[in-house]
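Here is what each chain is made of, one letter per residue.
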Protein chains: 2
Amino acid sequence: MPHDIHIVTEAELRDIVTLDLALVDVIERAFAALSEGGVVMPPVLSMDLPQANGEVDVKTAFIPGVESFAIKVSPGFFDNPKIGLPSLNGLMILFSAKTGLVEAVFLDNGYLTDLRTAAAGAVAARQLAPAQVETAGVIGAGVQARLQIEAAHLVRPFSRVLVHARDAEKARACAADLGQRLGVEAEAVADPAALVAKSQLVVTTTPAREPVLMADWLHPGLHITAMGSDQEGKCEIEPAALSRADVYVCDRGSQCAERGELRAALAAGLWDRGTPPELGDVILGRATGRQSESDVTICDLTGTGVQDTAIAAHVRARFPGAGTVIRA
Amino acid sequence: MPHDIHIVTEAELRDIVTLDLALVDVIERAFAALSEGGVVMPPVLSMDLPQANGEVDVKTAFIPGVESFAIKVSPGFFDNPKIGLPSLNGLMILFSAKTGLVEAVFLDNGYLTDLRTAAAGAVAARQLAPAQVETAGVIGAGVQARLQIEAAHLVRPFSRVLVHARDAEKARACAADLGQRLGVEAEAVADPAALVAKSQLVVTTTPAREPVLMADWLHPGLHITAMGSDQEGKCEIEPAALSRADVYVCDRGSQCAERGELRAALAAGLWDRGTPPELGDVILGRATGRQSESDVTICDLTGTGVQDTAIAAHVRARFPGAGTVIRA
């Protein structure tokens, strides 16, 4: 029985969906739902394709009360830049949570993933960063470096941003972009330790496999969001830092133990506080977050299917007529 | 960087893709590739949605040498018939095996799955059934009952078909359809034991959770293809039959042990022949298939990602201009 399916392109999505507080609220509610129970979120389906220097991840989640659920496919093919294509692509498919019929296909090439990932950073900052943030720092200078800082600024309107990246030129370009976009003082910083020392909020956005932020750099009143480790083998934060922080929070405990910062800490025997709290537990008040301005907090984000379902359902609800309608 | 993506509907697919020997050959090569090695086929991602009386399966496979790979999403929402919708739906997405870019979205509502499932039945019959089949029988009277018999007829042009189903009226309708379509004698049969006794080739196509074909019914020169058990808990063939057959073959051993006929046989302690051969092993001559006309053979089909990739890549290669082109 043919029904209408909306096919929405990246360009169309960029026109209508942006990073704003409404989206941050949507993602915050998704994390709360994940901790409340009733969410069905299978482990990530991961396919390594060494012959193609690629990998494919499939994420999904069913959230009770949300009218649709998304299945997201994220291919990463790392030889693409050699032929002028981005490494990361993909799409999201939205299904009715009542009938399983396809409602929409978002041919977003990863744009909605970028947004929902940045929005999770804003949720982490809102829940865990000190109330007053004057300086925010970011390690990394790519798309997520920009989006994470923009997201953090929505909830902690700092007046200065510092950027460190291995490539100093990219760091300068990123700082210039952010300064202009947010209207704040912006500076590229050669020494990541100095960046952390001067910041109350730091986001790590690298694909690092060795720590880029050391445990000795932690200081009172620091919040860190580590969002780069989303695959086994990645590691941005020195493992000893997790137990040294007053509060360490996962987006999803089981995922962080497999592919987040927690993985390396567990492997090194440097995590001994049992099951860490999840971001949703903090949102719901079921776990203790920051208790004083001097606490050190770390949030480990690996990226979850609830974020995908939440953003896709949000786009569908706010822009029901978007895209090209195909009857199939 | 926007690129062309073909959106192809079920109606468009029905116009261009049918069950024929070319498709059977494509599916046979896919099974051979699976046994040759180099295929990357993760376990099925399964999501049970008891709140919606639904389930969702995601299957995929990367086949070396095939230019694209598919990811297939199959939702089954079993309250749909109450509101006039089919239970099974879904789509396939085809990605470039070189870049990971989306090439096509087949909004097939399960049509390509129906075809590749039937084609696997033809492969099983071609590899394992006796050379001479005069009578084919089918237990079940749904879409797959029709397609499996049509597929078997491509490789074993029998002159009579027998149909058994719990609902005698549906069995009669199915027999009438098949008789007309294939130009063979066709009869609905009330007693499944009699159906098996008279047939050289039997296909079971039911969602049964208790056996519908008993071990005592096996007779010299019988081939059985069991394709209904594709989820844990399903069972069509009495477990003792597997070891009593001369040859028992899986489409994929690990999947059959979890969700095929093999699962119940293992659970009952009735399988003691170690790792069973796979269909691809038989195709490649690495495992022994039927050795005499009097052998009893059973093939257990659970449905694999290589079939999805094979049919989707086949459609793309044969009909590169199909569907609506969306630039995204």
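See the structure printed just above.
Just so it is clear, the structure is predicted and the values come from calculations on it, not from any experiment. (Residues numbered from 1 in each chain as written. Chains lettered and ligands numbered in written order. Predicted model: local features only at pLDDT ≥ 70, side-chain atom pairs only at ≥ 80, totals over all residues. Heavy atoms only, no water.)

S.K.: What is the right way to look at the packing of helix α4 (residues 143-155) of chain A against helix α5 (residues 168-182) of chain A in this model?
M.R.: Residue and element names in this part refer to chain A. Between α4 and α5, whose axes approach to 10 Å, the crossing angle comes to 30°. By the angle class used here, α4 and α5 are roughly parallel. Crossing handedness for the pair α4 and α5: right-handed. On α5, the residues touching Ala145, Arg146, Ile149, Glu150 and His153 of α4 are Ala173, Cys174, Asp177, Leu178, Arg181 and Leu182. (Axes fitted to C-alpha atoms, helices over the stretch in contact; angles between N-to-C directions. Helix = DSSP H or I, 4+ residues; strand = E, 2+ residues; numbered from the N terminus. Parallel < 35°, antiparallel > 145°, perpendicular 65-115°, else oblique. Left-handed = near helix turned anticlockwise from the far one by under 90°. Contact = heavy atoms within 4.5 Å.)

S.K.: Please explain the interface of chain B and chain A as it appears in this structure.
M.R.: Size of an interface, as often reported, equals the accessible area lost when the parts are brought together. The partner chain A presents 48 residues to the 48 residues of chain B that form the contact. Both faces considered, chain B and chain A share a buried interface measuring about 3900 Å² in area, 79% of it formed by carbon and sulfur atoms. Applying the counting rule to chain B against chain A returns zero salt bridges. Joining chain B to chain A, the criterion identifies four residue pairs in polar contact (both at pLDDT 80 or more). Breaking the side of chain B that touches chain A down by element, the ones donating at least two residues are β1 (4-9), β2 (45-49), β3 (54-61), β4 (68-77), β5 (91-96), β6 (102-107) and β14 (324-327) of chain B. (Buried area = accessible area lost by both parts, 1.4 Å probe. Salt bridge = Lys/Arg side-chain N within 4 Å of Asp/Glu carboxyl O. Polar contact = N/O pair within 3.5 Å; in protein donor to acceptor, adjacent residues only side chain to side chain.)

S.K.: Mind showing me how you'd approach the sheet that holds strand β9 (residues 185-188) of chain B here?
M.R.: Residues and elements named next belong to chain B. Pairing is parallel across the open sheet formed by seven strands, whose spatial order is β9-β8-β7-β10-β11-β13-β12. Strands at the two margins of the open sheet, each flanked by one partner only, are β9 and β12 (247-250). The average undirected angle you get between the axes of adjacent strands in this sheet is 15°. In this sheet, strand β13 (residues 297-300) lies alongside strand β11 (residues 223-226) in parallel orientation, the contact comprising four bridges. Directly across from Ile224, in β13, lies its bridge partner Ile298. Across the sheet, helix α4 (residues 143-155) is in contact with β7 (135-139), β8 (160-164) and β10 (201-204); its angle to β7 comes to roughly 160°. (Pairing = 2+ DSSP bridges.)

S.K.: Honestly, the sheet that holds β3(B) in this entry has me stumped. Any pointers?
M.R.: Sheet strands associate in pairs through backbone hydrogen bonding, adopting either a parallel or an antiparallel arrangement. All names here are of chain B. Reading across from one edge, β2-β3-β4-β5-β6-β1-β14 is the order of the seven strands in this open sheet, with mixed pairing throughout. Every interior strand has two partners, whereas the edge strands, β2 and β14, have only one. Each adjacent strand pair in this sheet contributes to an overall mean axis angle of 15°, direction not counted. Here β5 runs beside β6; their pairing, made up of four bridges, is antiparallel. Bridge assignment links Ile93 to a residue of β6, and that residue is Val105.

S.K.: Mind showing me how you'd approach empty space enclosed by the protein here?
M.R.: In this approach, a probe sized like a water molecule rolls over the atoms, and the result shows the empty space that is left. Tallying each qualifying case throughout the model produces two cavities of 30 Å³ or more. Breaking the lining of the largest cavity down by element, the ones donating at least two residues are β1, β6 and α11 (305-318) of chain B. A breakdown of the residues in the lining of the largest cavity according to their chemical character gives seven nonpolar, one polar and one charged. For the second largest cavity, the calculated volume is near 30 Å³. Of all the elements in the fold, those that place two or more residues in the lining of the second largest cavity are β1 (4-9), β6 (102-107) and α11 (305-318) of chain A. For the lining of the second largest cavity, the per-class residue count stands at seven nonpolar, one polar and one charged. (1 Å grid on protein atoms, 1.4 Å probe; cavity = no way out; pocket = protein on both sides within 12 Å on 5 of 7 lines; lining within 4 Å. Points joined across faces, edges and corners; volume = space filled by probe spheres on them. Nonpolar A, V, L, I, M, F, W, Y, C, P; charged D, E, K, R; others polar.)

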